[in-house]
Amino acid sequence: MHMMVARPEQWVQPMAVAGANQYTFHLEATDNPGALIKDIRENGMKPVPSSSCPLLSSRGAVGFDFPLLQVGLAIKPGTTVEHLAPWANQIDMALVMTVEPGFGGQKFMEDMMPKVQWLRTQFPSLDIEVDGGVGPDTIHKCAEAGANMIVSGSAIMKSADPRSVINLLRNVCSEAAQKRCLDR
């Protein structure tokens with residue numbers, strides 16, 4: 001769940017009860033990110049191995065007795081990545097918005113890629129997601145910067161062949177992640 005709400009604290013328990021397996025909130029929407037992360041964890045959304053971990057199966061993490069439940073922390077384009085950094089070791093995923101939140105079809109903001117690169121350099125095992133304007137024309141920039149999770153709406157939904165767009169996006173991210181592993 002990517003919660004683009006003013007008071008994300010009030011939705012943790014209802015989302016956990018509803019079966020949410022992931023809860024991403026915007027750093028800008030809370031006065032106490034640490035308390036919110038703790039609340040998410042206490043409501044059953046626990047840390048899991050990175051998605052690059054070979055221990056993952058389609059039903060959960062092998063050797064763990066809890067399902068895949070994650071905490072994500074999002075930042076809007078106007079927020080510096082350094083504001084997210086103090087929380088990076090407490091979260092499972094960082095989301096860098098590549099458009100201003102609010103509506104689909106916006107133009108991809110390439111100037112957000114240094115944030116992705118910085119996060120990937122500082123926190124190599126952190127899942128890093130990008131959301132906004134991501135499609136066949138922009139996916140290479142995202143993957144090369146270090147994003148291993150993407151959100152793509154308009155590029156898929158407006159395509160004559162959504163399946164091929166999804167496959168392209170998935171393959172580009174996968175190849176970039178493999179290259180990063182080999183370069184280590």
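Here we summarise the structure given alongside this text. Keep in mind that this is a model prediction, so the values were computed, not measured. (Residues numbered from 1 in each chain as written. Predicted model: local features only at pLDDT ≥ 70, side-chain atom pairs only at ≥ 80, totals over all residues. Heavy atoms only, no water.)

Another aspect to go through is the pairing of strand β5 (residues 70–75). For β5, a buried count of six out of six residues is recorded, marking the element as mostly surrounded by other parts of the structure. Burial along β5 is two-sided: Q70, G72 and A74 and V71, L73 and I75, pointing in opposite directions, are all buried. Inspection of the sheet shows strand β2 (residues 22–26) paired to β5 by five bridges, in the parallel sense. In the sheet register, H26 faces β5, and the bridge partner there is A74. Sheet topology places β5 next to strand β6 (residues 93–97); four bridges connect them, and they run parallel. (Buried < 20%, exposed > 50% of the residue type's maximum accessible area, 1.4 Å probe, protein only. Helix = DSSP H or I, 4+ residues; strand = E, 2+ residues; numbered from the N terminus. Pairing = 2+ DSSP bridges.)

Right, let's talk about the packing of aromatic side chains for a bit. In the structure shown here, the tally under the stated rule is one aromatic pair. Both rings, one in W118 and one in F123, keep their centres 6.2 Å apart while their planes meet at 70 degrees; by these two values the pair is edge-to-face. (Phe/Tyr/Trp six-rings, centres within 6.5 Å; stacked < 30°, edge-to-face > 60°.)

A word on the environment of V71. Of note, V71 is situated in strand β5. V71 sits in the buried class, given a relative accessible area of 0%. Residues V71 and D92 lie 21 residues apart in sequence; the distance between their C-alpha atoms is 5.4 Å.

Looking now at the nonpolar core. If you look at the biggest cluster of nonpolar residues, it comprises 41 residues, and the most contacted ones within it are F25, L84, I91, M113, V116, L119 and C142. In terms of residue count, helix α6 (residues 162–183) provides more of this core than any other element does, five residues in total. Aside from chain neighbours lying at most four places away, what touches I91 is I37, R41, V71, L73, L84 and L126. Counting five residues, the second largest nonpolar core, distinct from the first, contains A74, M93, M97 and V99. (Core = buried A, V, L, I, M, F, W, Y, C linked by side-chain atoms within 4.5 Å. Contact = heavy atoms within 4.5 Å.)

On to the sheet that holds strand β8 (residues 149–151). Read from one edge of the open sheet, six strands run β1-β2-β5-β6-β7-β8, paired in parallel fashion. Looking along the sheet, the strands with just one partner apiece sit at the ends: β1 (2–3) and β8.

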